[in-house]
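Chain and residue survey
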Amino acid sequence: MTARERATALGGEAEAVVDLRSDTLTRPTPAMYARIAAAPLGDDGLGHDPTALALEEAGARLLGKEAALYLPSCTMANLVATLCQAGRQEQVVLEAQSHMYTAERGAATFTGTFPLGIAGIDGAMDLQILADTLRPSGSSLRTGLIGLETTHNNAGGTVPPLDHMRAVRAMAQAFGIPVHLDGARLINAAVHLGVPASRIAAEVDTVSLCLSKGLSAPMGALLAGPAALVARARSLRKMLGGTQRQVGIAAAAGLEALATMGDRLGEDHARARRLASGLNGLGPALSAAIPQTNIVQVDLARSGHDSAAWLGMLEARGILARPIGLWKLRLVTHRHIDDGAVAVGDEAELP
């Protein structure tokens, strides 16, 4: 049985398996299970599951918005945000490596919008290209929405500066265009910047937040924004099949996540930096980017082995990772990765 099979068979808890594939692997805490057991339940489809409502109220406060909506996933939250704000035959402008562009643009089949990716550096789109894109011309589509992302997954968990977000917002407001933030790992970004999550969310009209990554809830995401927009989003959630009945069972874990799990994310960031530094200390064959948050990208080009080969060699040693194309790996720290799991000792040998 491989390390991957052992991790799957035992719910990710196999002894000696260091699973760095994603922070989505985090499991609920004992406090979450206790809160689930005690959660008052109703029918969220009828608008009165008290635990879901409590989570939405807590999420809105945390993000500094008028209202919030609980959805099954951050992908659905981003889709609903787009449906609420961009019209059919309008373009949605995104940084070219953003998750909404590289992994979620198939949503255009539902929205009737046209995703447009523009170049960026470290997840921050080029402001001059953005300005040129927004400027109306006879042959261009109107921009209906601008999408930002923090932390930026494909850029290695980077956090676009608040000044950059502020500049994008000012440009958008000049043209009457709303701005949405894919904030799947927004709390990681807030910890890195040392500011409340609401400070980041203040630079956008709507924001999504995933509860099932570093925050360790088992499922779900929030979409926050103006109350009228969230009311529309609730109707769209039902149209998309995202309404669930006694969803307070899951929302209870989300409440615990918001209340207790944000502050500890700094531990994941520190371990990711330690891991990257240790890998770089092995010699020039590996080049790991020093991360801002909890995602380490490792360039394998000088090692002579591609990502598939490395995945096999690592799995044989009880380590799981994910590829980024042919010559890179992605390693993600999270609550179940302790100091010992990221230690790269003198005895380590490159293949």
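Conventions and cut-offs
- Residues numbered from 1 in each chain as written.
- Predicted model: local features only at pLDDT ≥ 70, side-chain atom pairs only at ≥ 80, totals over all residues.
- Heavy atoms only, no water.
- Buried < 20%, exposed > 50% of the residue type's maximum accessible area, 1.4 Å probe, protein only.
- Helix = DSSP H or I, 4+ residues; strand = E, 2+ residues; numbered from the N terminus.
- Contact = heavy atoms within 4.5 Å.
- Domains from an automatic or database assignment.
- Buried area = accessible area lost by both parts, 1.4 Å probe.
- Nonpolar A, V, L, I, M, F, W, Y, C, P; charged D, E, K, R; others polar.
- Salt bridge = Lys/Arg side-chain N within 4 Å of Asp/Glu carboxyl O.
- Pairing = 2+ DSSP bridges.
- Axes fitted to C-alpha atoms, helices over the stretch in contact; angles between N-to-C directions.
- Polar contact = N/O pair within 3.5 Å; in protein donor to acceptor, adjacent residues only side chain to side chain.
- Phe/Tyr/Trp six-rings, centres within 6.5 Å; stacked < 30°, edge-to-face > 60°.
- Lys NZ or Arg CZ within 6 Å of the ring centre and 35° of its normal.
- UniProt positions renumbered as here; feature names shortened; annotations may be inferred.
- Core = buried A, V, L, I, M, F, W, Y, C linked by side-chain atoms within 4.5 Å.
- Right-handed = clockwise from strand over helix to strand, strands pointing away.

1. Some remarks on helix α9 (residues 186-193)
For α9, the complete set of buried residues consists of Leu186, Ile187, Asn188, Ala189 and Ala190. Structurally, α9 contributes buried residues whose contacts are with α3 (50-63), β8 (179-182), α10 (197-201), β9 (206-210) and α13 (265-280). Just past α9, the residue Gly194 takes up positive phi, approximately 70°.

2. Here we look at the domain arrangement of the protein chain
For an interface, size is often stated in terms of accessible area lost upon the parts coming together. Domain annotation for the protein chain reports domain 1 (3-20 + 264-332) and domain 2 (30-260). Taken over C-alpha atoms, the centre of domain 1 sits 28 Å from the centre of domain 2. Per-residue buried area on domain 1 facing domain 2 is highest for Leu265, Gln292 and Ile295; these three make up 49% of the total on that side. Where the side of domain 1 that touches domain 2 is concerned, the elements lending two or more residues are α13 and β12 (295-299). Here the element with the most residues in the side of domain 1 that touches domain 2 is α13; it accounts for three residues. Residue composition of the side of domain 1 that touches domain 2, grouped by class: two nonpolar, six polar and two charged.

3. What to know about the pattern of salt bridges
If the charged atoms of two oppositely charged side chains come close together, the side chains can form a pair. For the structure on display, the rule yields 17 salt bridges. Between Arg21 and Asp19 there is a salt bridge, with the nearest N and O atoms lying 2.6 Å from each other. One salt bridge connects Arg166 with Glu203, and the closest N-O pair in it is separated by 3.7 Å. Of the two residues, Arg166 is situated in helix α8 (residues 162-174) and Glu203 in the loop between α10 and β9; the sequence distance between them amounts to 37 residues. Here the salt bridges do not stand alone but share partners, grouping Arg264, Glu267, Asp268, Arg271, Arg274 and Asp339 into one network.

4. Some points on the sheet that holds strand β2 (residues 67-71)
In space, the seven strands of this open sheet follow the order β2-β10-β9-β8-β7-β3-β4, with mixed pairing throughout. Of all the strands in the sheet, the pair left with one neighbour each is β2 and β4 (114-118). The sheet shows a mean angle of 20° between the axes of neighbouring strands, taken without regard to direction.

5. Considerations on the side chain of Asn153
As for its placement among the helices and strands, Asn153 is situated in the loop between β7 (143-149) and α8. In terms of polar contacts, Asn153 uses its side chain to reach the side chain of Arg330, at 2.7 Å. In this structure Asn153 touches His99, Arg185, Ile295, Gln297 and Arg330, once residues within four positions along its chain are discounted.

6. Examining the packing of aromatic side chains
For the structure on display, the rule yields zero aromatic pairs. Here the basic side chain of Arg105 rests over the ring of Tyr101, its NZ or CZ set 4.5 Å away from the ring centre.

7. Observations concerning the UniProt feature "modified residue: N6-(pyridoxal phosphate)lysine" (unreviewed entry) in the protein chain
In the numbering used here, UniProt assigns the feature "modified residue: N6-(pyridoxal phosphate)lysine" (unreviewed entry) to Lys213. Along the polypeptide, Lys213 turns up in the loop between β9 and β10 (221-225). Given the relative accessible area of 15%, Lys213 is considered buried. Once you skip the residues sitting within four places of it in the chain, Lys213 turns out to touch Asp23, Thr24, Thr26, Ala184 and Arg185.

8. Some points on the nonpolar core
Residues Leu130, Ile146 and Leu211 are the most contacted members of the largest nonpolar core, which totals 49 residues. It is helix α12 (residues 248-260) that provides the largest number of residues to this core, a total of six residues. Setting aside residues up to four positions removed in sequence, Leu211 forms contacts with Leu55, Tyr70, Ser216, Ala217, Met219, Gly220, Ala221, Leu222, Gly254 and Leu258. The next biggest cluster of nonpolar side chains, apart from the first, holds 19 residues, and it includes Val18, Trp310, Leu311 and Ile337.

9. Focus on the pairing of β8
For a regular strand, side chains alternate in direction, first toward one face of the sheet and then toward the other. Across the two faces of β8 the burial is the same, with Val179 and Leu181 and His180 and Asp182 all buried. In terms of strand pairing, β7 meets β8 through four bridges, oriented parallel. Bridge pairing in β8 places Glu149 opposite Asp182. Where the polypeptide runs from β7 across α8 and back to β8, its parallel neighbour, the crossover connection is right-handed. Bridge analysis of β8 against β9 gives three bridges, and the strand direction is parallel. Among the inter-strand pairings, Leu181 is bridged to a residue of β9, identified as Val207.

10. Here we look at the sheet that holds strand β11 (residues 287-288)
Working definition: the strands of a sheet are paired by backbone hydrogen bonds and lie parallel or antiparallel to each other. Pairing is antiparallel in the open sheet, where four strands are placed in the order β11-β12-β15-β14. Every other strand in the sheet has two partners, leaving β11 and β14 (322-323) as the edge strands with one partner each. In terms of strand pairing, β14 meets strand β15 (residues 328-332) through two bridges, oriented antiparallel. Within β15, the position partnered with Arg322 by the bridge is Arg330.

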